[in-house]
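Observations on the model geometry
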Amino acid sequence: MALRAPALLPLLLLLLPLRAAGCPAACRCYSATVECGALRLRVVPLGIPPGTQTLFLQDNNIARLEPGALAPLDALRRLYLHNNSLRALEAGAFRAQPRLLELALTSNRLRGLRSGAFVGLAQLRVLYLAGNQLARLLDFTFLHLPVKERHAPNLGELHLQENSIELLEDQALAGLSSLALLDLSRNQLGTISREALQPLASLQVLRLTENPWRCDCALHWLGAWIKEGGQRLLTSRDRKIMCAEPPRLALQSLLDVSHSSLICIPPSVHVQPLELTANLGEDLRVACQASGYPQPLVTWRKVPQPREGRPRAQAQLEGGLLGLGGHSASDTGSGMLFLSNITLAHAGKYECEASNAGGAARVPFRLLVNASRQQPQQPAQPPPPAARPAGSEPRPEAGSMAFRALGLATQTAVAAAIALLALTALLLVAMICRRRRRRKKARGPPGEGAVFVNDYLDGPCTFAQLEELRDERGHEMFVINRSKPLFAEGPAEAPADCGQAEGAGPGLRVPPPVAYEIHC
């Protein structure tokens, strides 16, 4: 065993990572592979050996590929950038990697692909773009091959599943004649044209499932193509292309729907008014309403004038720019032509076009521009007063300053009178309330306000019992002897047995408000 240990040592060293002299910190470098995954990197690290053929940068926070970051890596064959935060790819970002075979950009935040983003990748075989936020694939997005290498081996696999693609333009896949696998499943595609798949002469696998397909006349070709020869491209699972609309065909397979059920309604267009005159410098909006099934695409354009050298106007469609040289912008359902700061160049004939799979419809609109710019009207100066005979007073006319001043004085007088009336009413209310308070405080005639109760001679009496019989208005209560009247006709002396009130002399009339002492 001691003799075999030195022989195994070189083999163990080969199995361990070989750190090159220029290997980035925290990365693991092998002979031709560099692993920098899950290091929370924000940019591509510096110091990667130029001879690296496989680079792992997955599970980081890289949001942008800086220009020139990959320039030294011209020998790179495989680049893995999945699970990062890339939002966009600059044109020519991989120009320095002509030997790249596999590029993984899965699960990033890409919203769009700029034209020329894959320029220089002449030998690319597999491109992973799944799990991003792509919404549209525009024409010539993947046309990256140089002209001199047109016949070189091209892209073989394109993975676009789990995005939000709702529009695939007719020439979006142009140049992918060697593509063998196309995965468009789990997107938002409602339709796809025959022209979009026409460049794919070598296609062997096509995945279109889990999209909200709109089963109308635009998908006639797809059902027939699958039934005739396209079945070889679809597995039994991929053939389940389910309709999402119209509601009568929802959840039905496209292959089970008859051609007569795949219908379209040609568009109709309405523009009101058909002719309009505008002044220089104004802003203008013209609505174009379109209806049909599927919902038409609305396009505004200016019809070229027969005269040469006439300046072209700039117009803007809500949601996009409107070109005047044949290129135009679209809007779904209805378009609003918006012209700002109108000049003479805006005058002319316009056309609103609505198109869908059932056909197209156009409505003309003419704009006239008033060449004279309207100036804001200045208020007219009042004429000088005419000479009047001495001693004569001017009579105010309707609409004059004197009449307006007189009306304002009248209004002020009316307001003052109303305020005076309100103040008088408040004073009257205060006087009435004051008199009522005085009446309540005034003493009434003898006997008024006295409460006649039992004298409790048949048992003990307490202050609590007397308190229960107290009047709510605070009247004083008299506990009397039932054998004698409360108020005598003549002077009466206080009975000795009742206890004469303190301070009361004999022969005095008992005043009503005086309470007697109580002997229980």
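The chain goes by Leucine-rich repeat-containing protein 24 in an unreviewed UniProt entry, where it is assigned to Pan troglodytes. Quoted straight from UniProt, the Subcellular location (unreviewed entry) entry for the chain says "Membrane".

A few words now on the packing of aromatic side chains. By the definition in use, this model includes five aromatic pairs. With 4.9 Å between their ring centres and 10 degrees between their planes, Phe-56 and Tyr-80 make a pair best called stacked. In this pair, Phe-56 sits in strand β3 (residues 54–56) while Tyr-80 sits in strand β4 (residues 78–80), placing the two residues 24 residues apart along the sequence. Assessed through its relative accessible area of 24%, Phe-56 is described here as partly exposed. Plain terms: the ring middles of Trp-300 and Phe-365 are 6.2 Å apart, the flat faces sit at 85 degrees to each other, and that makes the pair edge-to-face. Of this pair, Trp-300 sits in strand β17 (residues 297–302) while Phe-365 sits in strand β23 (residues 359–370), and the two are 65 residues apart along the sequence. You'll find Trp-300 and Phe-365 in the same group, each marked buried. Among the aromatic residues, ring-to-ring pairing joins Trp-300, Tyr-350 and Phe-365 into one connected group. Over the ring of Phe-338 we find Arg-285; its NZ or CZ atom is 5.0 Å from the centre of that ring.

So, about the sheet that holds strand β2 (residues 33–35). Pairing in this open sheet of nine strands is mixed, and the strands run β1-β2-β3-β4-β5-β6-β8-β10-β11 from one edge to the other. This sheet does not close on itself; its edge strands, each paired only once, are β1 (28–29) and β11 (205–207). Bridge analysis of β3 against β4 gives three bridges, and the strand direction is parallel. In the sheet register, Phe-56 faces β4, and the bridge partner there is Tyr-80.

For the chain, per-residue confidence averages 75 on the pLDDT scale, and residues scoring 70 or more make up 65% of the total. Note that residues 312–321 has pLDDT below 50 and, in this model, 35 contacts with residues that lie over four places away or in other chains.

Using the criterion set out here, one finds five disulfides in the structure. Paired by a disulfide, Cys-23 and Cys-29 hold their sulfur atoms 1.8 Å apart. Because the sign of the S-S torsion sets the handedness, a value of about 85 degrees for the bond joining Cys-23 and Cys-29 places this disulfide among the right-handed ones. Given a relative accessible area of 13%, Cys-23 falls into the buried group.

Reading the values: rules and limits
Residues numbered from 1 in each chain as written. Predicted model: local features only at pLDDT ≥ 70, side-chain atom pairs only at ≥ 80, totals over all residues. Heavy atoms only, no water. UniProt positions renumbered as here; feature names shortened; annotations may be inferred. Phe/Tyr/Trp six-rings, centres within 6.5 Å; stacked < 30°, edge-to-face > 60°. Helix = DSSP H or I, 4+ residues; strand = E, 2+ residues; numbered from the N terminus. Buried < 20%, exposed > 50% of the residue type's maximum accessible area, 1.4 Å probe, protein only. Lys NZ or Arg CZ within 6 Å of the ring centre and 35° of its normal. Pairing = 2+ DSSP bridges. pLDDT = per-residue confidence, 0-100. Contact = heavy atoms within 4.5 Å. Disulfide = S-S within 2.5 Å.

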